[in-house]
Amino acid sequence: ADVEAKPALDQEPKSKRAVSRRKAASEAGKSEAEAKAQVQQADADVEAKPAKAQKRGKAAKADDGETIKRSDSKSDTSEKVVIPRTPIPRYVPAPSARTLKVITWNITTLRSLVNKNAALLKKLFDTEKPDLVCMQEIKLNAEDQAEYEAKLQALLPGHTFHWNFCTLPDSKSYSGTLAIVAASDAPGGPQKTLDAFFKAK
């Protein structure tokens, strides 16, 4: 009965709610002090509801001062705010410096990259000229190696390819990595160690 009566009581002025609750408490055998305490607690709960709701829907401040709207409602259609990424300056080595450029790339699937976006892969190598590209999530089986190595050799001549496939029986085409190594142009051919690479003239 108290639960059913609560919405109606919340609509009443405080004086009426106090009388109603004191009467109910009296009929329940509670003392005047207990009834008064119960009324005060109920009034405090009612007054706290709007503040809690306001706090839940309050906007949060991002570190750079931009506002991100946060709401507990699934039907909220507030416009999302995109915080721009801080530009990262590129390192430009001196012309005489010998550097090792490594690129790491989570590609999700090599099959899609080679068959549908081969031009993107070729552009990466032509533009960046990396010494080593480490790819994750190639999602190929060992049986696919010969086919895709042939495609990559045609696309990236002069590179060598080092494969690692998932070998779990129930997880074929799961994860997997590929390292693509550029051919060495240093005298004496390919280096076998990092020291040999950096000391090459």
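Conventions and cut-offs
- Residues numbered from 1 in each chain as written.
- Predicted model: local features only at pLDDT ≥ 70, side-chain atom pairs only at ≥ 80, totals over all residues.
- Heavy atoms only, no water.
- Helix = DSSP H or I, 4+ residues; strand = E, 2+ residues; numbered from the N terminus.
- Buried < 20%, exposed > 50% of the residue type's maximum accessible area, 1.4 Å probe, protein only.
- Contact = heavy atoms within 4.5 Å.
- Core = buried A, V, L, I, M, F, W, Y, C linked by side-chain atoms within 4.5 Å.
- Salt bridge = Lys/Arg side-chain N within 4 Å of Asp/Glu carboxyl O.
- Pairing = 2+ DSSP bridges.
- Axes fitted to C-alpha atoms, helices over the stretch in contact; angles between N-to-C directions.
- Phe/Tyr/Trp six-rings, centres within 6.5 Å; stacked < 30°, edge-to-face > 60°.
- Lys NZ or Arg CZ within 6 Å of the ring centre and 35° of its normal.

A.B. asks: How should I be thinking about the environment of A179 in this particular structure?
C.D. replies: By secondary structure assignment, the location of A179 is in strand β6 (residues 177-181). The class for A179 is partly exposed, based on a relative accessible area of 21%. In this view, A179 contacts L132, V133, T160, F161 and H162; residues no more than four positions away in its chain are not counted.

A.B. asks: Where do I start with the nonpolar core in this structure?
C.D. replies: L110, M135, W163 and L178 are the most contacted members of the largest nonpolar core, which totals 21 residues. Sorting the residues of this core by element identifies α4 (110-116), α5 (118-128), β4 (132-136), α6 (145-155), β5 (160-164) and β6 as the ones contributing at least two each. Apart from residues no more than four positions distant in its own chain, L178 is found in contact with L110, V133, C134, M135, I138, L152, F161, H162 and W163.

A.B. asks: Could you clarify how one ought to interpret the pattern of salt bridges in this entry?
C.D. replies: Close approach of charged atoms lets side chains of opposite charge pair. Enumeration according to the criterion identifies five salt bridges in this entry. Residue R90 is joined to E128 by a salt bridge in which the shortest nitrogen-to-oxygen separation is 2.7 Å. With R90 in the loop between β2 (67-68) and β3 (102-106) and E128 in helix α5, this residue pair connects regions lying 38 residues apart in the sequence. Within this structure, R90, K101 and E128 form a network of salt bridges that share partners.

A.B. asks: Would you explain the sheet that holds β5 in this entry?
C.D. replies: Strand pairing in a sheet takes place through backbone hydrogen bonds and is either antiparallel or parallel in direction. Pairing is mixed across the open sheet formed by four strands, whose spatial order is β3-β4-β6-β5. The open sheet terminates on both sides in strands that have one partner only, identified here as β3 and β5. Ignoring which end each strand starts from, the neighbouring axes of this sheet average 15° apart. In this sheet, β6 lies alongside β4 in antiparallel orientation, the contact comprising five bridges. By the bridge assignment for β6, M135 is matched with L178. Along the sheet, α5 contacts β3, β4 and β6; its crossing angle with β3, the most-contacted strand, is approximately 160°.

A.B. asks: Can you walk me through the pairing of β6 in this structure?
C.D. replies: Look at any regular strand and the pattern is simple: side chains alternate between the two faces of the sheet. Burial along β6 is one-sided: L178 and I180 are buried, while T177, A179 and V181, pointing the other way, are not. By the bridge criterion, five bridges tie β5 to β6 in an arrangement that is antiparallel. By the bridge assignment for β6, N164 is matched with T177.

A.B. asks: Can you help me understand the packing of aromatic side chains in this one?
C.D. replies: One pair of aromatic rings is described through two measures. These are the centre distance and the angle between the planes. Inspection of every chain in the model, using the stated rule, returns one aromatic pair. When the ring of W163 is compared with that of F165, the centres are 5.8 Å apart and the planes differ by 10°; the resulting orientation is stacked. For the residue pair W163 and F165, the accessibility class agrees, reading buried in each case. Directly above the aromatic system of Y148 lies the positively charged group of K151, at a separation of 4.7 Å from the ring centroid.

A.B. asks: Would you explain unusual backbone geometry in this entry?
C.D. replies: Note: most residues except glycine have negative phi, and most peptide bonds are trans. For K129, which is not glycine, the phi dihedral falls at a positive 50°. Structurally, the position occupied by K129 is in the loop between α5 and β4. Phi at E137 takes a positive value of approximately 60°, unusual for a residue other than glycine. Assignment of secondary structure puts E137 in the loop between β4 and α6.

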